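Chain residues, written in single-letter form:
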Amino acid sequence: MILFSKDWLIRYRDQCIILVSFGLSLLIGAVLISCYGANPMEAYREMIIGALGDTGALLATLARAVPLILSTMSIAVAFYGGMWNIGAEGQLFLGAFAAAFAGIEFGGLPGFILIPLGLAAGIGTAVLWAWIPGKLHLDQGLNIVVLTIMLNSIAILFTTYLATGPYAGERTSAGSTEKIAEAMRFSHFQVFGTLNTGIYVALGAVLIVTVLMVLSVWGYDWRCSRMNTRFAKYGGIDVRNRQMAAMLLSGALAGLAGSLLVMGDHYRFLINISPGYTWTGMILAMMVTYSPIGGILAAFVYSIMSSGALQMELVTDIPQELVSIIVCCAVLFVTAGISVANRLANRIRED
Amino acid sequence: ADKIKVALVIANKLGDASFYDSANAGLERAKKELDIVGKVVECNFDPANYVPYLATAAKNFDLVLVVGFEFIDAIEQVAPEFPNTDFAYFDVSGKTVHVTYVDFKENEGSFLAGALAAMMTTRENDPLVNKEAIIGAVGGEDIPVIHNFFVGYEQGAKYINPDCEVLTGFVGSWSDPAKGKEMALNQYHNGADVIFQVAGGTGEGVIAAAKEANFYAIGVDSPQEYLAPEVVLTSMLKRLDNAAYDLIKAKKEENYPRGQVVSCDLKNNGVGLSWSDSALKLVPEDVRHRLEELTQEVVEGKIVVEEYK
Amino acid sequence: MPSLWISRLTKTFGTLRAVDDFSLEIASGTVHSLVGENGAGKSTVVKCVYGLYSPTAGKFKIDNKILTIKTPRDAMKYGIGMVHQHFMLVPSLPVYKNVVLGDEPTTRGLIFNHHGAIEAVRHLSAQYGLNIDPLAPVHSLPVGIQQRVEILKLLYRKAEILIFDEPTAVLSPREIEGLFSIIREFRKAGKTIIFIAHNLNEVLAVSDVITVMRKGKHIATLPRSEATSEELASLMVGRSVHIPVLEETPSRELKPFLEMTRLTVSGDRGKDVVKNLTLTVHRGEIVGIAGITGNGQSELEEAISGLRFVKEGQLLMGKRDITHLPPLKRRKLGLAYIPEDRIKTGLAPLASLKDNALLGYQYKPPFLKRNFFQNFRSIREFALHLMERYNIMAASENIQAGTLSGGNMQRLVMARELEQQPDFLLVSQPTRGVDIGGISFIHDRLLSLRRAGKAILMISADLDEILSLSDRIAVMNRGEIVAVLPRKEASRNLVGRLMLEGSFVRGKEASS
Amino acid sequence: MFDFLRATIRMSTPLFLTALGGTWTRQTGVLNISQEGAMLISSFFAVLGNYFFQSWIAGVLSGMAAGLIFNMLFALLCVFLRANIWVVGMTLNILADSLSILLMKSVFHVKGGFRDPRMVRIPDISLPYIGNFSLLILLAAILFFIFWFVDFKTVFGMRLKAAGENEEALSAAGISPVSLRFKALAINGIMVGLAGAFLSTSYLVAFVSGMSAGRGWLAVAAVIFGDGNLLWSIVGVFLFGAAQAAGIELQSFGFSSHLALMLPYILVIIALVFKNWKGVKLAKKA
Ligand SMILES: Nc1ncnc2c1ncn2[C@@H]1O[C@H](COP(=O)(O)OP(=O)(O)OP(=O)(O)O)[C@@H](O)[C@H]1O
Ligand SMILES: Nc1ncnc2c1ncn2[C@@H]1O[C@H](COP(=O)(O)OP(=O)(O)OP(=O)(O)O)[C@@H](O)[C@H]1O
Ligand SMILES: [Mg+2]
Ligand SMILES: [Mg+2]
């Protein structure tokens with residue numbers, strides 16, 4: 001109990017647990033690397049060199065971070081408000097396709113109309129797709145996790161259908177649409193990477209959501225709704241609408257991630273456009289207990305690790321999947337750590 | 001001199017027993033026979049990897065072999081920046097500065113597979129086939145290149161027997177062999193007794209179905225007869241291995257076909273059926289003979305095999 | 001015949017000595033009552049005996065044989081059984097399954113022997129005149145019968161010593177009478193009964209021996225023949241009984257503030273638990289709702305606060321119709337609400353004290369800047385202010401609310417709601433679980449609100465609290481207000497009787 | 001029609017095995033959402049065991065062991081430490097995916113898939129009229145009766161439901177709900193292990209990364225559909241299994257593959273909506 005009497009420790013308890021957990025997972029990673037007969041320090045160094053070694057690498061890492069940060073924030077905002085939106089992946093796919101659709105169908109329009117139009121199409125479609133499970137969960141009490149998982153499969157199959165059927169591009173034997181109109185593209189900063197001016201849009205969105213979560217009263221409402229729904233209702237919080245807002249916002253961010261992948265990274269919709277950004281985003285968001293700032297940091301760290309993973313794999317033969325395993329372990333440590341800490345702190349009342 | 005360094009960049013992972021593994025086989029052979037350094041770069045179907053991984057490979061290697069339609073944009077972006085590196089892009093034809101395109105006419109190979117299937121499906125005295133002229137084909141994801149296989153397959157079948165019916169279906173995944181098996185069984189129950197699989201990891205299920213239900217399967221990309229020698233008639237090979245090996249060898253001998261389009265078709269054995277020992281046992285002499293005639297006709301241009309779209 | 005010895009029992013919770021060096025002999029074949037104020041430690045003693053708590057120190061003996069009781073199962077082994085205050089029943093299962101759960105009769109050690117279980121239950125039920133259908137699903141039964149199911153569970157396990165912790169709190173008078181005859185039946189059968197109740201009349205009616213506890217200590221043990229309710233009461237409190245602190249009602253014109261008209265509210269299982277209820281609370285008065293727990297009070301408070309849907313009827317607050325307004329609008333109109341269940345409703349235990357303190361203020365200046373941003377400085381100051389003013393002991397305003405002690409959690413909820421300066425305060429069980437010092441502090445606060453002309457509706461199971469604080473007392477029975485009495489006319493006896501037998505006087509005094 | 005039924009049964013089997021135990025964990029009050037991961041990792045271990053011992057029994061056993069260990073991890077975190085089931089479940093699912101690839105690379109030096117002719121397929125049995133089917137399908141049918149019997153006839157089945165409905169009642173009766181949950185999850189793990197072994201060593205004899213392909217999720221959906229009732233869960237299983245089979249069947253009628261493949265997912269949503277529809281009026285209640 002002495003532990004809980006230091007104010008900074010009380011305040012930053014979760015942050016401390018997260019840091020310790022992450023450190024522990026890096027240790028586990030190091031053990032695994034040693035099992036491959038490699039030197040962990042060297043492997044990690046290769047990882048960092050591969051990700052940050054020169055400007056090109058740094059920009060590539062940033063490019064990788066953009067959709068990941070958006071996805072992490074998308075999950076974080078939903079989870080923060082107590083909505084288990086596992087469906088961000090499907091929302092991302094639909095958003096991406098909608099943006100591509102706008103860029104192909106209305107290609108003749110000038111950029112200052114086309115870019116907002118593309119973003120609006122992508123975000124709007126994703127929001128709509130998030131609204132369905134939100135509505136069914138909040139008003140009909142259906143299990144949101146199963147709903148969103150199923151909607152993911154539907155969205156991904158549907159966009160694949162569109163991109164290989166009615167909207168299949170020429171010369172793209174693997175399933176992708178035509179390239180979108182030039183006017184709608186965010187230009188790349190460099191040749192070897194896909195980092196593009198869309199990052200400003202992403203930064204703006206992330207900033208808005210961070211402010212919402214950290215500084216605004218919505219953040220408070222979300223927190224209360226998640227921690228004790230009954231309590232929140234009792235205190236006059238419109239739990240249903242706030243949770244719906246969290247869900248829609250989550251959809252919007254996923255849709256934005258998809259739109260930017262189309263409008264900035266690839267200039268077309270690809271059927272495998274996301275390798276599971278929102279799944280990674282989910283474990284990252286959970287690792288930092290849905291904190292937006294933590295999410296941004298975690299997504300960046302993850303980008304460094306996965307961007308450097310190739311270098312590591314080339315040099316040491318250690319599979320890139322190691323990175324994901326390290327993060328998963330960290331999440332498990334964090335959840336275990338926090339629930340143990342809560343139990344230590346909260347006396348369990350037997351009656 | 002320094003050893004030549006070769007990178008094989010693939011869109012997904014090794015271990016599909018077909019497409020990527022075939023290219024890797026060529027690299028492995030080159031490593032053994034030509035004394036080169038070779039590395040495989042797996043992109044795990046992550047579009048964010050395509051450009052940076054390609055660039056990393058281009059930076060560190062002398063020759064970069066690229067396998068996967070997914071790189072179509074990436075290669076146009078990266079290759080011009082590395083004039084000193086040689087690129088070979090498999091399976092797509094195109095034109096980007098000094099990239100060597102290796103174009104596989106999978107439709108031509110599939111034409112033979114279709115012809116073979118059509119001849120086998122009505123064969124008398126073969127316990128594995130029924131009387132109906134129905135054959136099948138199972139695809140992984142429903143994407144255009146797979147249709148290109150199917151177009152050739154169908155044309156080949158109809159060429160032999162205009163009444164031959166071709167069932168096609170897609171599993172929707174490259175990695176769901178269980179569903180692949182169901183798809184094959186479904187076609188089998190609908191009368192198909194020779195099924196061509198073009199489904200990556202999913203295709204393994206097709207071969208398992210053939211083994212279990214006793215019908216014929218045709219493998220793809222790599223010689224897949226070993227998976228079930230008693231029922232896999234043959235495999236429609238895309239000789240990525242040969243092409244890769246030849247290119248590496250050319251590079252070593254300093255006659256690399258920079259910036260050209262290397263067409264791999266029936267004529268130069270770039271595609272074709274594999275005639276492993278088990279295949280020779282399964283496919284009767286007369287059928288093989290007919291197939292050789294057809295090959296000749298395609299090579300001579302008497303038969304024009306259609307392309308998808 | 002074995003008798004139970006409790007020898008020098010001590011149980012501490014943190015720094016609190018809930019039971020303090022407590023010794024007692026309970027003779028077999030008797031009904032032995034434990035009485036004492038809220039928090040005296042009665043429940044803790046019996047929970048130790050039953051193995052739910054492990055004692056800090058002390059022994060139990062039956063016939064000089066020391067018992068090792070670590071779990072309820074051990075206690076059952078020695079023939080000790082307990083009927084809990086909250087029933088431990090599985091609602092969807094039928095009676096017989098509930099009874100045998102954990103000690104099921106089986107054939108070949110595996111298959112559940114339905115027939116055997118049904119017969120056993122039927123047999124026991126007949127033997128003690130409990131009159132229960134073994135096949136009825138438990139959720140369909142009234143509380144009185146559910147309690148008998150609990151009792152059956154003990155009988156089925158061959159309990160010789162039966163512990164009843166406040167069994168009458170949830171029962172109607174008829175049911176109480178039924179329970180007492182069951183208890184007498186048990187005594188005749190040679191069983192020992194430990195009985196806990198707050199109502200001294202009940203205690204006197206059923207006991208052979210009565211033990212008084214105070215602050216965890218053993219104060220006195222009297223045979224029934226020597227006990228009177230006055231004497232017991234003064235032993236319990238340790239001083240002359242608390243005199244009501246209410247000053248005379250200022251005779252001024254009363255303006256109605258909260259008006260409930262023919263309210264009907266459904267409970268969780270869809271049955272109407274508040275029926276056709278009409279009641280008015282005026283400015284400057286405290287209306288107390290007396291009633292035995294479970295007569296619809298919880299649902300009523302939820303309906304008034306906006307947490308539960310009102311099926312029929314109308315709720316007016318200061319002339320505004322709030323029947324279907326969400327909680328926030330009600331709060332804006334001046335409602336403050338101290339809920340019965342502080343932990344499940346009043347607090348978010350995992351959130352910080354600060355966040356808990358803010359609830360209800362989050363949309364008000366100065367806590368909200370530019371209608372959207374939280375003002376962290378004033379939130380922090382507000383939390384610190386509440387902690388100081390209401391004496392909430394906590395290491396920091398950032399601590400999780402769940403880490404506070406029970407009393408401090410109460411204070412936090414109380415502080416937050418009272419600090420709203422509400423026009424109308426709905427308060428349920430204001431002093432449950434609060435210590436003596438805290439009680440008078442809370443009572444003072446309620447009275448000063450009243451002086452300031454606010455309307456207060458107080459729901460409490462503590463009759464003394466109701467009698468000492470309320471201007472008018474509304475008695476609730478089975479979801480209805482059976483009488484509204486001015487304080488002068490409300491004697492303990494009358495209110496008690498109305499609580500128990502609502503229908504008896506209904507109509508006569510039910511107008512206000 | 002008969003073939004369609006057989007396909008339905010085959011496609012339902014992994015869901016079925018998973019949902020049997022999954023329903024029990026649900027009955028004890030824990031919804032196990034890490035089934036997808038458990039299925040994948042046990043598919044891998046079934047292949048691993050099969051390869052090293054060249055025996056399908058060893059394969060099945062190691063698949064079951066992997067499922068068991070995986071579920072015990074879930075139980076440790078969620079039941080013992082009471083961590084959030086969604087967080088733990090989702091993380092374990094993702095972990096299983098990466099871990100299977102890492103292990104495959106470590107042991108077999110490939111990442112996409114592994115097969116070897118020396119592995120032994122789980123034998124088929126042949127019955128008159130019905131024809132050939134996997135031994136595991138027979139086992140599943142037998143297990144169904146055992147589960148049905150235990151669930152409806154035995155003391156254990158009764159306690160499972162009590163643990164989920166009112167754990168205090170159970171602990172007051174001297175039975176630990178925590179240990180019941182551990183037991184249910186252990187059984188669930190073993191059953192998912194069987195399902196995984198069925199996928200990788202009966203359907204075919206190979207491991208392909210990601211080969212569970214959403215089956216664990218469909219099983220979870222069936223468990224939610226059943227809402228703790230074993231028979232309803234089974235109804236859900238066959239509903240979703242039939243939808244999967246129909247997704248294949250429909251293609252032979254010329255349906256677009258993507259649209260046909262969506263069928264099971266759409267059906268899950270429709271089934272859940274129908275079973276849980278509360279009506280708008282009730283939903284308004286606070
Ligand atoms: N599990 C617990 N943790 C902490 N404190 C507890 C716990 N149980 C009881 N207490 C405290 O121990 C003291 C005695 O409680 P107990 O329940 O025995 O009182 P009681 O005499 O039964 O009161 P009541 O008449 O209200 O039921 C109280 O101050 C209570 O707050
Ligand atoms: N887990 C904990 N962490 C920090 N402080 C604690 C913890 N448990 C108890 N405390 C503090 O220790 C003190 C004593 O706790 P205890 O539970 O004995 O109080 P209590 O007697 O129940 O209080 P009250 O009479 O107000 O109900 C309290 O001030 C409480 O805040
Ligand atoms: Mg035929
Ligand atoms: Mg008590």
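Being a predicted model, the structure only gives us computed values, none of them experimental.

Attention now goes to the overall build of chain A. Summing up its helical and strand segments, chain A has 14 helices and zero strands in all. Listing each helix as α and each strand as β along chain A from the N terminus yields α-α-α-α-α-α-α-α-α-α-α-α-α-α. Computed over its C-alpha atoms, the radius of gyration of chain A comes to 21 Å, within 12% of the 20 Å expected for a compact globule of 351 residues. Expressed along its principal axes, the backbone C-alpha trace of chain A runs to roughly 65 × 55 × 30 Å. Here the contacts in chain A between residues at least 6 apart in sequence split such that 75% fall between residues at least 24 apart. Of the roughly 11,900 Å² of accessible surface on chain A, a fraction of 69% belongs to carbon and sulfur atoms. Positive and negative charge centroids in chain A, built from 19 and 19 side chains respectively, lie 11 Å apart.

The subject of this paragraph is the pattern of salt bridges. Under the definition given, this model contains 58 salt bridges over all chains. Between Arg230(A) and Glu302(C) there is a salt bridge, with its nearest N and O atoms 2.7 Å apart. Taken together, the residues span two chains, with Arg230(A) in helix H10 (residues 229-234) and Glu302(C) in helix H9 (residues 297-305). For Arg230(A), a relative accessible area of 32% corresponds to the partly exposed category. Salt-bridge contacts for Arg308(C) lead to Glu302(C); the nearest nitrogen and oxygen are separated by 2.6 Å.

With an omega dihedral of 0 degrees, the bond running from Pro365(C) to Pro366(C) counts as a cis peptide bond. Relative to the helices and strands, Pro366(C) resides in the loop between helix H12 (353-358) and strand E19 (368-369). For Asn214(B), which is not glycine, the phi torsion reads 65 degrees and is therefore positive. Of the residues examined, Asn214(B) reaches a relative accessible area of 42% and is grouped as partly exposed.

This part is about the domain arrangement of chain C. When the parts of a complex come together, some accessible area is lost, and that lost area is often used as the size of the interface. Domain assignment breaks chain C into domain 1 (4-237), domain 2 (256-334 + 424-502) and domain 3 (341-421). Computed over C-alpha atoms only, the centres of domain 1 of chain C and domain 2 of chain C are separated by 32 Å.

With that out of the way, let us pick up the interface of chain B and chain D. Counting residues at the interface gives 32 residues for chain B and 31 residues for chain D. Here chain B meets chain D over a buried area of about 2,700 Å², counting both sides, of which 53% is carbon and sulfur. If you look at where chain B meets chain D, you find five salt bridges. The partner of Arg121(D) in a salt bridge is Glu212(B), with the nearest N and O atoms 2.8 Å apart. Linking chain B to chain D there are 13 residue pairs in polar contact (both at pLDDT 80 or more). Listing elements by their share of the side of chain B that touches chain D, those giving two or more residues are strand E7 (165-170), helix H6 (177-189) and helix H7 (203-213) of chain B. It is H6(B) that provides the largest number of residues to the side of chain B that touches chain D, a total of nine residues. The class makeup of the residues in the side of chain B that touches chain D is 11 nonpolar, 11 polar and 10 charged.

In this section: the packing of helix H1 (residues 2-27) of chain D against helix H9 (residues 215-226) of chain D. Residues and elements named next belong to chain D. Across the interface, H1 lies against H9 with an axial gap of 8 Å and an inter-helix angle of 50 degrees. By the angle between their directions, the pair H1 and H9 is classed as oblique. For the element pair H1 and H9, the recorded crossing hand is right-handed. Contact residues: H1 offers Met11, Pro14, Leu15, Thr18, Ala19, Gly22, Thr23 and Arg26, while H9 offers Arg215, Leu218, Ala219, Val223 and Ile224. Split into classes, the residues belonging to the contact of H1 with H9 amount to eight nonpolar, three polar and two charged.

What follows covers the packing of helix H6 (residues 111-140) of chain A against helix H7 (residues 144-164) of chain A. Residues and elements named next belong to chain A. One can describe the packing of H6 onto H7 by two numbers: an axis separation of 10 Å at closest approach and a directional angle of 155 degrees. Classified by the interaxial angle, the pair formed by H6 and H7 is roughly antiparallel. Judged by the twist between their axes, the crossing of H6 over H7 is right-handed. When H6 is examined against H7, the residues Trp129, Ile132, Pro133, Leu136 and His137 are found in contact with a partner set consisting of Ile144, Leu147, Thr148, Leu151, Ile154 and Ala155.

For the rest of this paragraph, the subject is the coordination of the magnesium ion (ligand 3). Metal coordination angles in their ideal form are 109.5 degrees for the four-donor tetrahedron and 90 or 180 degrees for the six-donor octahedron. Residues and elements named next belong to chain B. Donor atoms from the polypeptide that bind the magnesium ion (ligand 3) are Thr121 (O), Thr121 (OG1), Asn130 (O), Asn130 (OD1), Glu132 (O) and Asp193 (OD), placed at 2.0 to 2.7 Å. Seen from the magnesium ion (ligand 3), its six donor atoms lie at angles of 61 to 158 degrees, and the figure they make is irregular. Read in sequence order, the donor residues coordinating the magnesium ion (ligand 3) give the pattern T-x8-N-x1-E-x60-D. Here Asp193 lies in the loop between H6 and strand E8 (194-198) and Glu132 lies in the loop between helix H4 (106-121) and strand E6 (134-139), a separation of 61 residues in the sequence. With a relative accessible area of 43%, Glu132 lands in the partly exposed category.

Attention shifts here to the sheet that holds strand E12 (residues 217-223) of chain C. All names here are of chain C. Strand order in this open sheet of six strands is E6-E9-E10-E3-E11-E12, and the pairing throughout is mixed. Either end of the sheet is taken by a strand with one partner, and the two such strands are strand E6 (80-83) and E12. Geometrically, the sheet is characterised by an average inter-axis angle of 20 degrees between neighbouring strands, direction not taken into account. Pairing analysis gives four bridges linking strand E3 (residues 31-35) to strand E11 (residues 209-214), with the strands arranged parallel. Residue pairing across strands places Val35 opposite Val212, the latter belonging to E11. Along the sheet, helix H5 (residues 143-156) contacts E6 and strand E9 (161-165); its crossing angle with E6, the most-contacted strand, is approximately 170 degrees.

Looking now at the interface of chain C and chain A. Facing 47 residues of chain C, the contacting portion of chain A comprises 34 residues. Summed over the shared surface of chain C and chain A, the result is two salt bridges. Between Arg223(A) and Asp355(C) there is a salt bridge; the shortest N-O distance is 2.8 Å. Linking chain C to chain A there are 15 residue pairs in polar contact (both at pLDDT 80 or more).

Attention now goes to the pairing of strand E10 (residues 232-238) of chain B. Residues and elements named next belong to chain B. Across the seven residues of E10, seven count as buried, placing the element largely inside the fold. Here strand E9 (residues 216-221) pairs with E10 via five bridges, running parallel. The partner of Gly219 across the bridge, within E10, is Ser235. When E10 meets strand E12 (residues 271-273), the two strands line up antiparallel, connected through three bridges. Opposite Met236, over in E12, you have Leu273 as the bridge partner.

A complete count under the given rule lists 46 aromatic pairs over all chains for this structure. Note on Tyr188(B) and Phe215(B): the rings are 4.8 Å apart at their centroids and 25 degrees apart in plane angle, and the pair reads as stacked. Taken together, the residues Tyr188(B) in helix H6 and Phe215(B) in the loop between H7 and E9 connect sequence positions 27 residues apart. On the basis of relative accessibility, which here comes to 25%, the residue Tyr188(B) falls in the partly exposed class. Judged by relative accessible area, Phe215(B) falls into the buried class, the value being 0%. Centre to centre, the rings of Tyr51(D) and Phe108(D) are 5.3 Å apart; their planes meet at 90 degrees, and the pair counts as edge-to-face.

Once that is clear, we can look at a nonpolar patch on the surface. All names here are of chain A. A cluster of nonpolar residues, Phe101, Phe106, Leu109, Phe112, Ile113 and Leu117, forms a patch on the protein surface that exposes about 530 Å² of accessible area. The greatest single-element share of the nonpolar patch, amounting to three residues, is contributed by H6. One can find Phe101 in helix H5 (residues 88-105).

What counts as what
- Residues numbered from 1 in each chain as written.
- Chains lettered and ligands numbered in written order.
- Predicted model: local features only at pLDDT ≥ 70, side-chain atom pairs only at ≥ 80, totals over all residues.
- Heavy atoms only, no water.
- Helix = DSSP H or I, 4+ residues; strand = E, 2+ residues; numbered from the N terminus.
- Rg over C-alpha atoms; globule rule 2.2 N^0.38 Å.
- Contact = heavy atoms within 4.5 Å.
- Areas by Shrake-Rupley, 256 points an atom, 1.4 Å probe, with all protein chains shown as cover.
- Lys, Arg positive; Asp, Glu negative; His and termini not counted.
- Charge placed at Lys NZ, Arg CZ, Asp CG, Glu CD.
- Salt bridge = Lys/Arg side-chain N within 4 Å of Asp/Glu carboxyl O.
- Buried < 20%, exposed > 50% of the residue type's maximum accessible area, 1.4 Å probe, protein only.
- Domains from an automatic or database assignment.
- Buried area = accessible area lost by both parts, 1.4 Å probe.
- Polar contact = N/O pair within 3.5 Å; in protein donor to acceptor, adjacent residues only side chain to side chain.
- Nonpolar A, V, L, I, M, F, W, Y, C, P; charged D, E, K, R; others polar.
- Axes fitted to C-alpha atoms, helices over the stretch in contact; angles between N-to-C directions.
- Parallel < 35°, antiparallel > 145°, perpendicular 65-115°, else oblique.
- Left-handed = near helix turned anticlockwise from the far one by under 90°.
- Donors = N, O, S within 2.8 Å, 3.2 Å for Na, K, Ca; no water.
- Tetrahedral: all angles 85-135°; square planar, octahedral: opposite > 155°, others 65-115°.
- Pairing = 2+ DSSP bridges.
- Phe/Tyr/Trp six-rings, centres within 6.5 Å; stacked < 30°, edge-to-face > 60°.
- Patch = residues over 30% accessible without salt bridge, like charges linked within 9 Å, V, L, I, M, F, W, Y side chains within 5 Å.

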